[in-house]
Amino acid sequence: MAGRGGEERDGVALTNLDQPLFEGAGATKRDLVDYLDAMSERVLPELRDRPLSVLRVLRGQEPFMQKNVPKYTPEWVRTVTLWAESSRREVRYALCDDRRTLLWFANQRAVEYHPALFRAAHWDRPTHLVLDLDPPSADAFGMVVAAARLVRQALAEAGLDGVVKTSGAKGVHVFVPIEGLATHEEAAAATRALAARAERLDPALATTAYIIEDRGGKVFLDSTRAYGATVAAVYSPRIRPGTPVSFPVAWEDLDDVRPGDFTLHTVPGLLGAADPWAERMPAPRPLGEDLVEEGRAIPTARVQAMHEGKRRARARREG
């Protein structure tokens, strides 16, 4: 039995499909299942073999991030157990390798899909650098576009190339494929250096300041998507009003984009049979030693912010 308002696809019982997905979603659980099913051939290559974290939203509850698979996970869902430095414990992650697993996640009301930047078999070799560009306000997408072009210039000057997508929130993500020889430490250092170089191109527009009150109304170039960090996959829905989707955009089209145009309802019709993310993704390139060395001299943003926060708190107490 598939349950009330349900059906079965690929051996997965789908239940309560006519329930609202979340407050303000403008979509039902069926809409989520139908979207992920229709998009599976584009979504799965981004998730396959990568430890997966999902953001679920159950009825009457706040959204929550799930890393460890629950005990009731079907035995046919592939998993991998890895040490999570942030939580100082071993985590059993799912590997969403096929349509059946994706449908099972959809039935679990997993709305957002955040794969690791590495494959499970090569946990110490990231496949991409990611820069997350965050505007100072939701209505400042034009500033993000300008900052993304700074990042692209910094990439070109470093002998790298990347693609860009809306985050599905208010900013954009720049993905940079790299050759599989760099370690997490080298990739993290290179990402910090790229952010710093982009900031230097126009410090009135962009900033690497991790502490929000230090950003001065500028676009934040977030270089912290490294090591065990994740980022919303391309084509992933987001838990935001209207259920927007993280959507690939050609560099030359950024000026014409309105992120709200890309939703769970509109995206399949916009794409037809195309997969612009895969089609535009450049070949991986090596990281230059100068880029890595420059980045090693830049403190990790979160650590720097933590020390600065403690210093300011101490100054307030003493003042």
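Model, not experiment: these values are computed from the prediction.

Conventions we followed
Residues numbered from 1 in each chain as written. Predicted model: local features only at pLDDT ≥ 70, side-chain atom pairs only at ≥ 80, totals over all residues. Heavy atoms only, no water. Salt bridge = Lys/Arg side-chain N within 4 Å of Asp/Glu carboxyl O. Helix = DSSP H or I, 4+ residues; strand = E, 2+ residues; numbered from the N terminus. Buried < 20%, exposed > 50% of the residue type's maximum accessible area, 1.4 Å probe, protein only. Pairing = 2+ DSSP bridges. Contact = heavy atoms within 4.5 Å. Axes fitted to C-alpha atoms, helices over the stretch in contact; angles between N-to-C directions. Core = buried A, V, L, I, M, F, W, Y, C linked by side-chain atoms within 4.5 Å. Domains from an automatic or database assignment. Phe/Tyr/Trp six-rings, centres within 6.5 Å; stacked < 30°, edge-to-face > 60°. Buried area = accessible area lost by both parts, 1.4 Å probe. Polar contact = N/O pair within 3.5 Å; in protein donor to acceptor, adjacent residues only side chain to side chain.

Looking now at the pattern of salt bridges. In the structure shown here, the tally under the stated rule is 22 salt bridges. The shortest N-O distance in the salt bridge between Asp124 and Arg125 comes to 3.6 Å. As a salt-bridge pair, Arg197 and Glu294 come within 2.9 Å of each other at their nearest N and O atoms. Placement of the pair is Arg197 in helix α5 (residues 184-201) and Glu294 in helix α8 (residues 289-296), with a sequence separation of 97 residues. When its relative accessible area of 17% is taken as the criterion, Arg197 is described as buried.

Across the sheet, 6 strands lie side by side as β11-β12-β8-β10-β9-β13; this open sheet has mixed pairing. Edge strands, defined here as strands with exactly one partner in the open sheet, are β11 (206-207) and β13 (248-249). Here strand β8 (residues 128-134) pairs with strand β10 (residues 172-177) via 6 bridges, running antiparallel. Considered in β10, the bridge of Leu133 is made with Val172. Those strands touched by α5 are β8, β11 and β12 (219-222), and its axis lies near 40° from that of β8.

So, about the nonpolar core. Ranked by internal contacts, the top residues of the largest apolar core, which has 84 residues, are Phe105, Tyr113, Leu129, Leu133, Leu221, Tyr235 and Leu287. A per-element tally of this core places helix α4 (residues 141-157) first, with 9 residues. When residues of this core are assigned to domains, at least three map to each of domain 1 (15-123 + 230-279) and domain 2 (128-226 + 283-310). Once you skip the residues sitting within four places of it in the chain, Leu221 turns out to touch Asp132, Leu133, Ala147, Val151, Ala195, Ala198, Glu199, Ala206, Thr207 and Thr208. Listed in part, the 9 residues of the second largest apolar core include Val91, Ala116, Phe118 and Ala120.

Next up on the list: the packing of aromatic side chains. We describe a pair of aromatic rings using the distance from one ring centre to the other and the angle between the two ring planes. Counted under the stated rule, the structure contains 7 aromatic pairs. Relative to Phe105, the ring of Trp104 has its centre 5.1 Å away and its plane inclined at 65°; by these criteria the two rings are edge-to-face. Trp104 sits in the buried class, given a relative accessible area of 7%. Each ring, one from Tyr210 and one from Phe220, has its centre 6.0 Å from the other, and the planes form 75°; the classification is edge-to-face. Taken together, the positions of Tyr210 in the loop between β11 and β12 and Phe220 in strand β12 put the pair 10 residues apart, joining distant regions of the chain. Given the relative accessible area of 27%, Tyr210 is considered partly exposed.

Moving on, we come to the domain arrangement of the chain. According to the domain assignment, the chain consists of domain 1 (15-123 + 230-279) and domain 2 (128-226 + 283-310). Measuring from the centre of the C-alpha atoms in domain 1 to the corresponding centre in domain 2 gives 23 Å. Of the roughly 2100 Å² buried between domain 1 and domain 2, counting both surfaces, carbon and sulfur atoms make up 63%. Considering only the side of domain 1, the residues that lose the most area to domain 2 are Leu117, Trp251 and Trp277, jointly responsible for 39% of the buried surface there. Joining domain 1 to domain 2, the criterion identifies 1 salt bridge. In this structure, the salt-bridge partner of Arg149 is Asp255, at a minimum N-O distance of 3.3 Å. Summed over the shared surface of domain 1 and domain 2, the number is 11 residue pairs in polar contact (both at pLDDT 80 or more).

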